[in-house]
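# Geometric and topological summary
Here are the chains, one letter per residue:
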Amino acid sequence: MMDENKQEIRQTEEQENKKTFSRDTSRHTWIGDKNEIRPDLERTVTRMTQVIAETDDRSTRLVEKQRKAYKGFITDEEVKSAEDRAETERRKRAEEKAARLEMAQTRVYTGFGSGLDDDTSGKAEPQKKRTRKVYSINVSDRKVRNRLLAVAVILVLMLVFDIGYLFLNHSVKVLPGRTEEAQKETAEMIAETEELQQKADALGDYDQLKELRDSWQRLKDQLEE
Amino acid sequence: MAETERSTGRIKVSGKVLAAAALIACAIIAATVFVVPKFAGTFKEYRALRADLKKAQSEQAAAEKSNAALAQSVKEMTRMKTDCEKLSSQVFELAAKTEKDITEGKSNKKICYITLDDGPYRRGQDFLELFRKYDVKATFFMTTANGDMLPDQADISASSVYPDYLRFGHTIGNHTYSHDYGSGGLYSDTGAFMQAVEEQQDFTEKATGGYKTQIVRFPGGTGMAGSRLGAIEDSLREEGYTWVDWTVDSGDSWGSDTANASLIKSNVLSASKEQDIMVVLFHEWSEPTLEAMPDIIDTLRGSGYIFLPLFPGSMMVSK
């Protein structure tokens, strides 16, 4: 009975293996016989791979071959173990994919003049969306930070120097006018002073004038007595 | 723009920001490269200009300070001058009232008008100093008969001393320009007299900056005008002038052999016994007068005389 069963299984498997299945792909054109199996794309679909295939986003379309139920050759523990392995593998692939995506969108800036080269492989494709370039500066690195600081300080000093020159240049243009204005005002004031001096001279000596006023006051007092 | 990841110690900077920063840095560097060779020259020029400005500003400040001090002084002096004018006006009003009271016997005050003719002379300065010392105000009847220069000091122009008389509060009277009372002189014609008066007025006005001589003294006195006195007086009146003679002749012009200080003093003091209001005739050129004047002033003041300059409102002045 056992022999008969084994025989039957083998025959079934052989019969199934004779059937061909292929993958449809948009990227490749199979130039051989369409009934011929492509060894690079052939994948045996099992129950485990079926689970994985549902989440696989590669462009490959899997065509499931007709499966025949196994008859007690795979235990539940084996199935669970296989499922765990497949899950682990799926997660690993997902992480790798995420890492690839990040690499595609990010340039790693490791310091001055040592950024990663762009991945130009995809630039030829016009449909590809242009990504925003972001540079990352590692300020936790003391050397980098010191360099940055030094450059910043030098630039600030240069800027101050330039601004100082601008101020000087502006002053050089403005100062003669101010000096001329001050001299003009001084001349006006001196002229005014001369005029005042003439007035003062015409009025006489301050003490004499005071004396004269007092004298008139005394005369007035004498007459009023 | 740019953000810091604290956990990783990285700053993420977008390409545009980085490019802009690079551009700014390049601009600063380029500007510095442009500025460096010119900086020293510009700075030197700036310092020179700054020094000029500071000098100009300090001169301006000094001028301002001087101006302010002088303006204050002029303001104060102007105020005092106004006070003097106001007080002199009040004094003349009071003097006119006192004269009236004296003539009516209502006041026992006495007034002496000291007048000095024929100036200006260098000796006039001595009289001014004396009057200043004795606090006396007098009247100086000026003429230009002696020329444009002082007769007793030829290096001093006559016009230059006129302001001195006014400075001490004295009155300047008009003694005619020519002082020529000989035949064919002032009194030969009314017009000639008036012309001499106007010429002297012009001279005084120029010398003093606008002083108007309001009182005229006839050279030799009104008696010299003879029959033309009335006509001359009319002309003077028409022109707004007043005139005055004297009530006491000091005798200082009677001749060098007779005029001396004691005679002058005697003449004046003896006359004062009879006059409560007197106009005394002196001459500015007279050395004996200068000598006698202190005693005359002291004595008259001791007798109660008040020394006043003549004024048009005085009853001693003819109008």
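Residues numbered from 1 in each chain as written. Chains lettered and ligands numbered in written order. Predicted model: local features only at pLDDT ≥ 70, side-chain atom pairs only at ≥ 80, totals over all residues.

### Remarks on the pairing of strand S4 (residues 139-142) of chain B
All names here are of chain B. Burial along S4 is two-sided: Thr139 and Phe141 facing one way and Phe140 and Met142 facing the other are all buried. As defined by bridge partners, S4 adjoins strand S7 (residues 171-174) across four bridges and the pair is classed as parallel. Across the sheet, the residue bridging to threonine 139 is threonine 171, located in S7. (Buried ≥ 20, exposed ≤ 12 C-beta atoms within 10 Å, placed from the backbone. Helix = DSSP H or I, 4+ residues; strand = E, 2+ residues; numbered from the N terminus. Pairing = 2+ DSSP bridges.)

### Side note on helix H7 (residues 287-302) of chain B
Residues and elements named next belong to chain B. When the terminal C-alpha atoms of H7 are compared, their 24 Å separation across 16 residues agrees well with the 22 Å that a helix rising 1.5 Å per residue should span. Methionine 293 marks the point of greatest bend in H7, at about 40°, and the proline proline 294 comes within the next four residues. Those residues of H7 not exposed but buried are Pro288, Thr289, Leu290, Ala292, Met293, Ile296, Ile297 and Leu300. After H7 finishes, the residue glycine 304 shows a positive phi value of roughly 100°. (Expected span 1.5 Å × (residues − 1). Bend = angle between axes of the 7 residues up to and from the residue.)

### Side note on the packing of helix H6 (residues 261-272) of chain B against H7 of chain B
How two helices pack is summed up by the angle between their axes together with the distance between the axes. Residue and element names in this part refer to chain B. Where H6 meets H7, the axes come as close as 8 Å, and the angle between the chain directions of the two elements is 30°. Relative to H7, the element H6 is oriented roughly parallel. Relative to H7, the crossing made by H6 is right-handed. In this structure, H6 uses Ala261, Ile264, Lys265, Val268, Leu269 and Ser272 to contact H7, whose residues at the interface are Pro288, Thr289, Glu291, Ala292, Asp295, Ile296, Thr299 and Leu300. Of the residues assigned to the contact of H6 with H7, the class counts are eight nonpolar, three polar and three charged. (Axes fitted to C-alpha atoms, helices over the stretch in contact; angles between N-to-C directions. Parallel < 35°, antiparallel > 145°, perpendicular 65-115°, else oblique. Left-handed = near helix turned anticlockwise from the far one by under 90°. Contact = placed C-beta atoms within 7 Å. Nonpolar A, V, L, I, M, F, W, Y, C, P; charged D, E, K, R; others polar.)

### What to know about helix H3 (residues 76-105) of chain A
Here H3 of chain A spans 43 Å end to end across 30 residues, near enough to the 44 Å set by a 1.5 Å rise per residue. Counting buried residues along H3 of chain A, only zero of its 30 residues qualify, which leaves the element largely exposed.

### Focus on the interface of chain B and chain A
Each partner contributes to the interface: chain B provides 55 residues, whereas chain A provides 53 residues. Among the secondary structure elements, those contributing two or more residues to the side of chain B that touches chain A are strand S2 (10-14) and helix H1 (15-103) of chain B. Top element by residues in the side of chain B that touches chain A is H1 of chain B. It accounts for 42 residues. Taken together, the residues that form the side of chain B that touches chain A break down as 28 nonpolar, 16 polar and eleven charged. Sheet topology note: the strand S1 (residues 134-138) of chain A/S2 of chain B ladder contains five bridges and is antiparallel. Bridge pairing in S2 of chain B links serine 136 of chain A to lysine 12 of chain B.

### Focus: unusual backbone geometry
Residue and element names in this part refer to chain B. Cis geometry is found at the peptide bond from glycine 119 to proline 120, where omega equals 0°. Mapping proline 120 onto the fold places it in the loop between strand S3 (110-119) and helix H2 (123-134). Not every positive phi belongs to a glycine, and threonine 176 is a case in point at roughly 65°. Of note, threonine 176 is situated in the loop between S7 and helix H4 (190-208). Using a count of 28 C-beta atoms within 10 Å as the deciding quantity, one classes threonine 176 as buried. Despite not being glycine, histidine 179 shows a phi value in the positive range, around 55°.

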